[in-house]
Amino acid sequence: MSGGGGGVPGAGCSYQKFVHFALEQTRLRTSLTPHPSQGKFKSIRANEDNTVFSALSFTAPKIRLLRSLTIEQKNSVQADLLVLMVDMMMQVLDFAAFSEPEYDLPIFCANAFTSPARSIVVLDLNPLYDTTTNKDYREKYYRNLMPLAHKYTELLPWGGKITSESLKFFSPIVIWTILEPTETNHGILYSAFTDYYKAWLELMDVASRETGREAIDRNREAQHKYLTWRAEKDPGYPLLKKLIGESLAKDLVTEFLFEGVNSLGTKSFVDYFPEYARDDGTVNKKRSMMGKSFETRPWDAHGEFVGYADER
Ligand code: BLA
């Protein structure tokens, strides 16, 4: 059997299937065109031979950027009962979809980091506008999606304390969970991914184009703020640096994963997040200024925010 060392179950638990599903479903509804960023990153190679990167990016009507990165790190091939088996040491999925600024659509966000010990997962339709302070936005997009969140609250339970700053980028239907990397959990995650992605596609299908200059500018800036946050503070960055080196990791983050961070707006990280400004004007390297909080799910069944920072 594979996984003698308790490794992540093998090929059956790949995240490739997630990507195939999403692209297939998207193609049923719209036509995908390769994004210019695909050229440089499609055949990105890791420092180690056992680690494979797959990067794909597209645009489509209404969709500014649909991009996917998977990383698979395999253990050395073993002969076992005459069958060559491969242990997965690490699997990563980073899948996101960003609309054109003419639409205020949430950002589809699926991130999973799986090691033999556990899977760290964030799956969400990240709101363009903070749903605690923008009730209209919450009503518009999440009211009808609350049943989706309820479907998974027990199967994919809240992952415990989390970087507090992240919460502003999450919606009331977010799945934030830490799982044992079993085939069963992988199956549940696949089901949640497909449900959430189909929900996003449906929103995309019916979204109507904003025509007012001000509204479009506001959407663009909100997306730029999100990109700026993630390009600077994404938890995956140290690992990317280790796998492909600092310079390529930086390019991957700014030109592929969070493409638009250098073109959708001109504000800097500390313009958006002044609490990170150090006296000399540089960005504080800490991931979080507030620390971790929210031991339990901080939204109620109606999507109302019920978490308070003082519960830390
Ligand atoms: C950990 N990734 C995490 C954590 C979160 C996320 C919440 C737990 C640590 C924490 O509380 O910050 C993901 N955080 C997000 C997402 C948003 C956010 C999606 O704010 C969106 C707004 N993860 C990846 C990729 C890699 C990766 C591509 O998505 C690697 C290439 C790795 N994530 C990774 C690792 C950890 C992690 C190694 C654990 C280490 C750590 O906590 O620093």
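All values derive from a computational prediction rather than experimental measurement.

What counts and what doesn't
- Residues numbered from 1 in each chain as written.
- Predicted model: local features only at pLDDT ≥ 70, side-chain atom pairs only at ≥ 80, totals over all residues.
- Heavy atoms only, no water.
- Helix = DSSP H or I, 4+ residues; strand = E, 2+ residues; numbered from the N terminus.
- Rg over C-alpha atoms; globule rule 2.2 N^0.38 Å.
- Buried < 20%, exposed > 50% of the residue type's maximum accessible area, 1.4 Å probe, protein only.
- Contact = heavy atoms within 4.5 Å.
- Lys, Arg positive; Asp, Glu negative; His and termini not counted.
- Charge placed at Lys NZ, Arg CZ, Asp CG, Glu CD.
- Near = heavy atom within 4 Å.
- Polar contact = N/O pair within 3.5 Å; in protein donor to acceptor, adjacent residues only side chain to side chain.
- Areas by Shrake-Rupley, 256 points an atom, 1.4 Å probe, with all protein chains shown as cover.
- Nonpolar A, V, L, I, M, F, W, Y, C, P; charged D, E, K, R; others polar.
- Axes fitted to C-alpha atoms, helices over the stretch in contact; angles between N-to-C directions.
- Parallel < 35°, antiparallel > 145°, perpendicular 65-115°, else oblique.
- Core = buried A, V, L, I, M, F, W, Y, C linked by side-chain atoms within 4.5 Å.
- Salt bridge = Lys/Arg side-chain N within 4 Å of Asp/Glu carboxyl O.
- Pairing = 2+ DSSP bridges.

Peer 1: Let's hear about the overall build of the protein chain: which residues, and what values?
Peer 2: Counting secondary structure elements, the protein chain contains 9 helices and 11 strands. For a compact globule of 312 residues, the expected C-alpha radius of gyration is about 20 Å, and the protein chain comes in at 19 Å, within 12% of that figure. Dimensions along the principal axes, computed over C-alpha positions, put the protein chain at roughly 65 × 50 × 40 Å. Counting across all 312 residues of the protein chain, residues that qualify as buried make up 53%. Pairs at least 24 residues apart make up 68% of the contacts formed inside the protein chain by residues separated by at least 6 positions. If you average the places of the 37 positive and of the 40 negative side-chain charges in the protein chain, the two averages end up 2 Å apart.

Peer 1: Which residues make up the site of the ligand, and what values do they have?
Peer 2: Neighbouring the ligand are 22 residues; Asn111, Thr163, Ser166, Pro235 and Arg287 lie closest to it. In the environment of the ligand, an oxygen atom lies 2.5 Å from a nitrogen or oxygen atom belonging to the side chain of asparagine 111. Between the ligand and threonine 163, the relevant distance is 2.6 Å, taken from an oxygen atom to a side-chain nitrogen or oxygen of the residue. Protein coverage of the free-state accessible area of the ligand, which is 840 Å², stands at 87%. Secondary-structure elements contributing two or more residues to the shell around the ligand are strand S6 (88-99), strand S7 (107-114), strand S8 (119-126), strand S9 (162-163), helix H6 (213-233) and helix H7 (237-244). For the shell around the ligand, the leading source of residues is S7, giving 3 residues. Split by residue class, the shell around the ligand holds 14 nonpolar, 4 polar and 4 charged.

Peer 1: Please provide a residue-by-residue account of the packing of helix H4 (residues 146-153) against helix H5 (residues 183-206), values included.
Peer 2: Two elements in contact, H4 and H5, have axes separated by 11 Å at closest approach and are oriented at 175 degrees. Put simply, H4 runs roughly antiparallel to H5. Contacts between H4 and H5 involve Leu148, Ala149, Lys151 and Tyr152 on the former and, on the latter, Ile188, Ser191, Ala192, Asp195, Tyr196 and Ala199. Here the residues of the contact of H4 with H5 are counted per class, giving 7 nonpolar, 1 polar and 2 charged.

Peer 1: If you had to explain the nonpolar core to someone new, which residues and values would you point to?
Peer 2: Judged by nonpolar contacts, the single largest core of 96 residues is most densely connected at Phe53, Phe95, Phe108, Phe193, Tyr196, Trp200 and Leu252. When residues in this core are grouped by element, the largest group, 12 residues, is from H5. With residues up to four places along the chain from it excluded, the contact list for leucine 252 reads Phe41, Ile44, Phe53, Leu69, Leu240, Ile244 and Leu257.

Peer 1: An account of the pattern of salt bridges is needed here, citing residue identities and associated values.
Peer 2: In this structure the tally under the stated criterion is 17 salt bridges. Salt-bridge contacts for lysine 74 lead to glutamate 72; the nearest nitrogen and oxygen are separated by 3.9 Å. For lysine 74, a relative accessible area of 28% translates into the label partly exposed. Look at glutamate 72 and you get buried, because its relative accessible area is 11%. Residues joined by salt bridges that share partners form a network here, namely Arg29, Glu202 and Asp205.

Peer 1: Residue-level account of the pairing of S6, with values.
Peer 2: Within a regular strand, side chains alternate between the sheet's two faces. Of all 12 residues making up S6, 11 are buried, and the element is well covered by its neighbours. As judged from the 11 bridges shared by strand S3 (residues 63-74) and S6, these two strands associate in the antiparallel manner. What sits directly across from leucine 69, in S6, is aspartate 94.

Peer 1: Which residues make up the sheet that holds strand S1 (residues 33-34), and what are the values?
Peer 2: Judged by pairing direction, the sheet is antiparallel, and its 7 strands sit side by side in the order S1-S2-S3-S6-S7-S8-S10 without closing on themselves. With one partner strand each, in any of the chains shown, S1 and strand S10 (175-179) form the two edges of the open sheet. Each of S3, S6, S7 and S8 touches H6; the most contacted strand, S6, lies at about 160 degrees to it. Sheet strands in contact with helix H8 (residues 246-257) are strand S2 (51-60), S3 and S6, and its direction is about 145 degrees off that of S3.

Peer 1: So what's going on with the pairing of S2? Which residues, and what values?
Peer 2: Bridge analysis of S1 against S2 gives 2 bridges, and the strand direction is antiparallel. Bridge pairing in S2 places proline 34 opposite phenylalanine 58. Of the pairings in the sheet, the one linking S2 to S3 comprises 9 bridges and is antiparallel in character. Bridging across to S3, alanine 55 finds its partner in leucine 69. Where S2 folds back onto S3 in an antiparallel hairpin, the turn is made up of 2 residues, including lysine 62, whose phi is positive at roughly 75 degrees.

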